[in-house]
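Analysis of the macromolecular model
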Amino acid sequence: MFFQRLLRQDARGQIVKQYKNPRPKDWASICMRPVFERASLEDTISKIFEDVRINGDKALKSLTKKYDGIDLANVMLSKEEISELASTTPPDLKMAILTAYKNILSFHRLQVPLNLKPYETSRGVVCWQENKAIEKVGLYIPGGSAPLISTVLMLGIPARLAGCSEVILCTPPSADGLVNPAICLAAQLVGVSKIIRVGGVQAIAGLTFGTESVPAVNKVFGPGNQYVSAAKEYARRYGVGLDLPAGPSEIMVIADETAIPAFVAADLLSQAEHGPDSQVVLVASKTEVIDKVQREILKQLKDLPRREIVIKALENSFCVLFKDVKTAMDFANTYAPEHLILSVANPEKIAGQVINAGSVFLGNFTPESAGDYASGTNHTLPTGGWTKAYGSLGVDDFLKKISFQNISKDGLEGLASIITTIAEAEGLGAHARAVIKRLNFKENI
Ligand SMILES: [Zn+2]
């Protein structure tokens, strides 16, 4: 059974919840993500959607005034404004973005799939499959206190590689009514078609219906707060496709005695700072590892800028002690984390046993932040256990696979009895007749 113990009188800044060798029958309940009371947002969202559908740009402007306190003359940034803003990006940030761009681009280029060549499944029956880009996509980039520059690269690069013809970026305006310069720079790099300085539910509504300035899109990508996430779900009712199911961020670190506690603590803290609802999980093979990491967390927490957020996240978090790494890995596959760090001896050996995870980081020198920004992999990943059903975002998410077939008269003769037998067994006589009509057809020549 599990036990809980307090390490210190003051548990702030500690992972209080701990489990020792929990039995597999208890794993599912341990792995349940924390549930947060969410007010129903449906009313607010449906009103905003209606307003934007009927009033277009006018609604986007008045809603931006209401929620962001900004008066916009135009919701769209002009090409000149984008260039001007992008040019004010500090040089070191510009260099960093360029290098991250290169790494992400080269890794994602490998993901561009080949079309399936025509293949004769039986004589005269030829099938093939082609990858076609989703024509218009919308990228939602949160702004405010954490403008997600990296997300512009993570969404924009695969969109461009897939060949999407219109890539529309929506982001809330900054206090001066403009857009963060580095977001403009990253958008220019990936070839975004338009930047719309509108955020929140109204941005998703604009992308759903289209307005004078915002083209309606076929699929929406990107993270956001609970309003934006709920608005994306709402947009689905109008035929808009969505990216991955993603909620609060999470990380699991599997650590044995070869792990460096300071690194493990730093990784747990880096993920905890995403939001108060983030969850971080430490799975260790020794009690001492847990104790050392906890001490490091306290130490490193002292001067973290987002300290209060981290402390909240640690309250949703837990540690698990297992006798061996093999059981730890089985537990990890049950939890199905968004990020999984293997801080163990010979991580390559156990990496092959990963079944459910969004992104895996091997060894002491592979921090999760590398994947967030610059190594080349995508940071858009399923959370909340969805990695059992979904993988990392990539070029495929911006493509559709279309199948083609071309059958000769001989080919159809060969298939006819198969089609009609199954069609009739299903009670779909018209399907059978569509074949028989053709076989009985005599050309009048
Ligand atoms: Zn992160």
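As the structure is a prediction and not an experimental result, all values here were calculated from the model. (Residues numbered from 1 in each chain as written. Predicted model: local features only at pLDDT ≥ 70, side-chain atom pairs only at ≥ 80, totals over all residues. Heavy atoms only, no water.)

Observations concerning the overall build of the chain
The condition is simple: Only DSSP runs of H or I with at least four residues qualify as helices, and only runs of E with at least two residues qualify as strands; both kinds are numbered from the N terminus onward. Residue burial is assigned from relative accessible area. The probe radius is 1.4 Å, only protein chains are included, and a residue is buried under 20% of its type maximum, exposed over 50%, and partly exposed in between. Should any heavy atoms of two residues lie within 4.5 Å, those residues are considered in contact. Using a 1.4 Å probe, the Shrake-Rupley method yields the accessible areas, and only the shown protein chains count as cover for residues.
Along the backbone of the chain there are 16 helices and 14 strands. In the chain, buried positions account for 46% of the 445 residues. Taking all contacts inside the chain whose residues are at least 6 apart in sequence as the whole, residues at least 24 apart take part in 74%. For the chain, the accessible surface area stands at approximately 22,200 Å², while carbon and sulfur atoms represent 55% of it.

What to know about the packing of helix H2 (residues 42-68) against helix H8 (residues 226-236)
Quick reminder of the rule: For helices, the axis comes from a line fit to the C-alpha atoms of the stretch in contact; other axes are also lines fit to C-alpha atoms, and the angle between any two N-to-C directions lies between 0 and 180 degrees. Crossings are sorted by hand: turned counterclockwise from the far helix by less than a right angle, the near helix makes the crossing left-handed, and turned clockwise it makes it right-handed. We call Asp, Glu, Lys and Arg charged. Ala, Val, Leu, Ile, Met, Phe, Trp, Tyr, Cys and Pro are nonpolar, and the rest, Gly among them, are polar.
Two elements in contact, H2 and H8, have axes separated by 10 Å at closest approach and are oriented at 65°. Once H2 is placed against H8, the crossing between them reads as right-handed. Residues Glu42, Ile45, Ser46 and Phe49 of H2 lie in contact with H8, whose contacting residues are Tyr227, Ala230, Ala231, Tyr234 and Ala235. Of the residues assigned to the contact of H2 with H8, the class counts are seven nonpolar, one polar and one charged.

A few points about helix H11 (residues 307-315)
The cut-off we apply is this: As used here, the arc belongs to the directions running from the helix axis to the C-beta atoms.
Turning to H11, its buried residues number three or more, namely Val310, Ile311, Ala313 and Leu314. On an axial view of H11, the arc spanned by its buried residues comes to 165°, and they lie on one face. Turning to H11, the residues buried within the fold contact helix H9 (261-272), strand E10 (279-284) and helix H10 (287-301).

A closer look at the pairing of strand E4 (residues 136-140)
Looking down a regular strand, the side chains alternate between one sheet face and the other. Going by this rule: What makes two strands pair is DSSP finding at least two bridges between them.
Burial runs high along E4: four of the five residues are buried. In this sheet, strand E5 (residues 166-170) lies alongside E4 in parallel orientation, the contact comprising five bridges. The partner of glycine 138 across the bridge, within E5, is isoleucine 168. By the bridge criterion, three bridges tie E4 to strand E7 (residues 219-221) in an arrangement that is parallel. Counterpart to leucine 139 in the pairing with E7 is phenylalanine 221.

Thoughts on the sheet that holds strand E6 (residues 194-196)
Here five strands make up an open sheet; going across it, the order is E6-E5-E4-E7-E8 and the pairing parallel. One side of each edge strand has no neighbouring strand; the edge strands of this open sheet are E6 and strand E8 (241-242). Helix H5 (residues 149-162) rests against E4, E5 and E7 of the sheet, and its axis sits at about 170° to E4.

What to know about the pattern of salt bridges
Operational definition: Only one rule defines a salt bridge in this text: a Lys or Arg side-chain nitrogen within 4 Å of an Asp or Glu carboxyl oxygen.
Throughout the structure, instances matching the rule amount to 17 salt bridges. In this structure, the salt-bridge partner of arginine 236 is glutamate 233, at a minimum N-O distance of 3.5 Å. Here the residue arginine 236 and the residue glutamate 233 both occupy positions in helix H8, the gap between them amounting to three residues, near one helical turn. Judged by its relative accessible area of 45%, glutamate 233 falls in the partly exposed class. Between glutamate 257 and lysine 286 there is a salt bridge, with the nearest N and O atoms lying 3.6 Å from each other. Taken together, the residues span a long stretch of sequence, with glutamate 257 in the loop between strand E9 (250-255) and H9 and lysine 286 in the loop between E10 and H10 at a distance of 29 residues. Salt bridges here are not isolated pairs; linked through shared partners, they connect Arg12, Arg307 and Glu308.

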